[in-house]
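# Results of the structural survey
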Amino acid sequence: MHSRTKKLALLVCTALLTLTGCAGAGALGSGGRTLVVAIVSNPQMEDAIALSDQFERDNPGIKLKFVQLPENQARAKITASTATEGGEFDVVMISNYETPQWAANGWLENLQPYVDASEGYDPGDFIPSIRDSLSYQGSMYAVPFYGESSFLTYRKDLFEQAGLTMPERPTWQQIADFAARLDDKAAGVSGICLRGKPGWGESLAPFTTVANTFGARWFDENWNAQLTSPEFRSAAEFYVNLVREHGEVGASSAGFSECGTRYGQGQAAMWYDATVMAGTNEDPESSEVVGKSGYVAAPVERTDSSGWLYTWSLAMPKVAEDKDAAWRFMRWMTDKEFVRNVGTTFGWNRVPPGCRLSTYQIPEYQQAAQAYAPATLDGIDRAKQSNSMLRPVPYPGIQFVGIPEFQDLGTRVSQQLSAAIAGQITVDEALQQSQEYAESVGAAYRETR
């Protein structure tokens, strides 16, 4: 199966590289060797880039060049380069979706020897579920920069004004009722912000957690596609209707960044998304609602919990030329001291969360993150398939299906759901087309059983 999917990936990625090629990694800069780092353009990564001159100062002879891209573009470019052994990047930012698959394919350097030889790095300090999600056959193939689950944030002041009380563990029906009560189009405030932007790592992440807790599955245990099942249809209708009726303006093109901006500007009463949102919500430089938010567990319907598990991490392509220099940078960006550096430089709400246990023992961070730190750790701890799904599935992952084909399948399905949110097609039409995509993937897996 790996051989078949790898060949398919190589064909696709070769075409992508033809369109998006860039200069090779390891080029000589004016001050010595240049490491090329492919990174996702999220706020926490921008802080790392802002501090990178400190790494260059402490590591003379190594220059850093960041290739910073939006999430969907970064995924395509990094996958293309790594799968084809293109050598464009010395360090790549990937997640717990890619890491075990790419390790099995032989695309990544085994980092365990580097981790074990780095005095004071303390891999035991990583949150166990995060560390395990980046491991393959007992070895780490990526090191986490930040980790997350998902939860719901809400405007405490708006709830109080409306006479509403948010439960610690709300249901999705309660959230829909709250959204209807708080939706105030005249004031420019939507009841809720939910991702509708196409992309398997965009709208499909929150939507799949909704599908899970409604009792839905992408595939049954025999790899039969389940996207037109009553449970999947119920989840899709709920999600699409909620965001159409009480969601943000332009929801079909809104992702994490867009919802973050809207919520931070006071344009949404609630927002369900990644726990990493909290640092931005509470940062005076980026938010107008500092101190006004509450944080509760991901809403449920038929399961005990529904939060996802995800980590942006750093990995080293197998073909990276200067592996020692690459590891020095990776260690710097994922070490305990980096967390303290971010906290003292930019503020404690901006440190990379959900990664190291020691972060949650720092007094300054405890004080700054008291509103959301417990909910973040609780979400990560509860993020297990056994808690978030009603029935067994043949694939790993909570908010994604942990198979190579999901990058294409998930994106196709997300495009259908986005079209339904935009009112271009019905939910039934979206799911029927999505079922056809999924059936072709499931059939290939049944053939290999």
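Everything that follows concerns the structure shown earlier in this document.
Residues numbered from 1 in each chain as written. Predicted model: local features only at pLDDT ≥ 70, side-chain atom pairs only at ≥ 80, totals over all residues. Heavy atoms only, no water.

### Structural notes on the overall build of the protein
Helix and strand content of the protein: 19 helices and 11 strands. Taken against the 2.2 N^0.38 rule, which gives 22 Å for 449 residues, the C-alpha radius of gyration of the protein at 21 Å falls within 12% of a compact globule. Taken along its principal axes, the extent of the C-alpha atoms in the protein is 60 × 55 × 35 Å. Of all 449 residues assigned to the protein, the portion counted as buried reaches 58%. Across the protein, every contact between residues at least 6 apart in sequence was considered, and the portion connecting residues at least 24 apart equals 75%. For the protein, the exposed surface amounts to about 17400 Å²; the carbon and sulfur share of it is 48%. A distance of 3 Å separates the average location of the 37 positive side-chain charges in the protein from that of its 53 negative side-chain charges. (Helix = DSSP H or I, 4+ residues; strand = E, 2+ residues; numbered from the N terminus. Rg over C-alpha atoms; globule rule 2.2 N^0.38 Å. Buried < 20%, exposed > 50% of the residue type's maximum accessible area, 1.4 Å probe, protein only. Contact = heavy atoms within 4.5 Å. Areas by Shrake-Rupley, 256 points an atom, 1.4 Å probe, with all protein chains shown as cover. Lys, Arg positive; Asp, Glu negative; His and termini not counted. Charge placed at Lys NZ, Arg CZ, Asp CG, Glu CD.)

### Regarding the packing of helix 9 (residues 204-213) against helix 10 (residues 230-246)
The N-to-C vectors of helix 9 and helix 10 enclose an angle of 130°; their axes lie 9 Å apart at closest approach. The orientation of helix 9 with respect to helix 10, classified from their angle, is oblique. In terms of crossing hand, the pair formed by helix 9 and helix 10 is right-handed. Residue-level inspection shows Pro-206, Phe-207, Val-210 and Ala-211 of helix 9 in contact with helix 10, the latter providing Phe-232, Ala-235, Ala-236, Phe-238 and Tyr-239. Tallied by class, the residues present in the contact of helix 9 with helix 10 amount to 9 nonpolar, no polar and no charged. (Axes fitted to C-alpha atoms, helices over the stretch in contact; angles between N-to-C directions. Parallel < 35°, antiparallel > 145°, perpendicular 65-115°, else oblique. Left-handed = near helix turned anticlockwise from the far one by under 90°. Nonpolar A, V, L, I, M, F, W, Y, C, P; charged D, E, K, R; others polar.)

### Looking at the state of the cysteines
All told, the structure shown has 1 disulfide when counted by the stated rule. Bridging Cys-193 to Cys-259, the disulfide has an S-S length of 2.4 Å. Where Cys-193 bonds to Cys-259 through sulfur, the torsion about that S-S bond is close to -85°, and the disulfide is left-handed. One end of the pair, Cys-193, is in the loop between helix 8 (172-182) and helix 9; the other, Cys-259, is in helix 11 (residues 256-264), and 66 residues separate them in sequence. Accessibility classification places Cys-193 together with Cys-259 in one group, the buried group. (Disulfide = S-S within 2.5 Å.)

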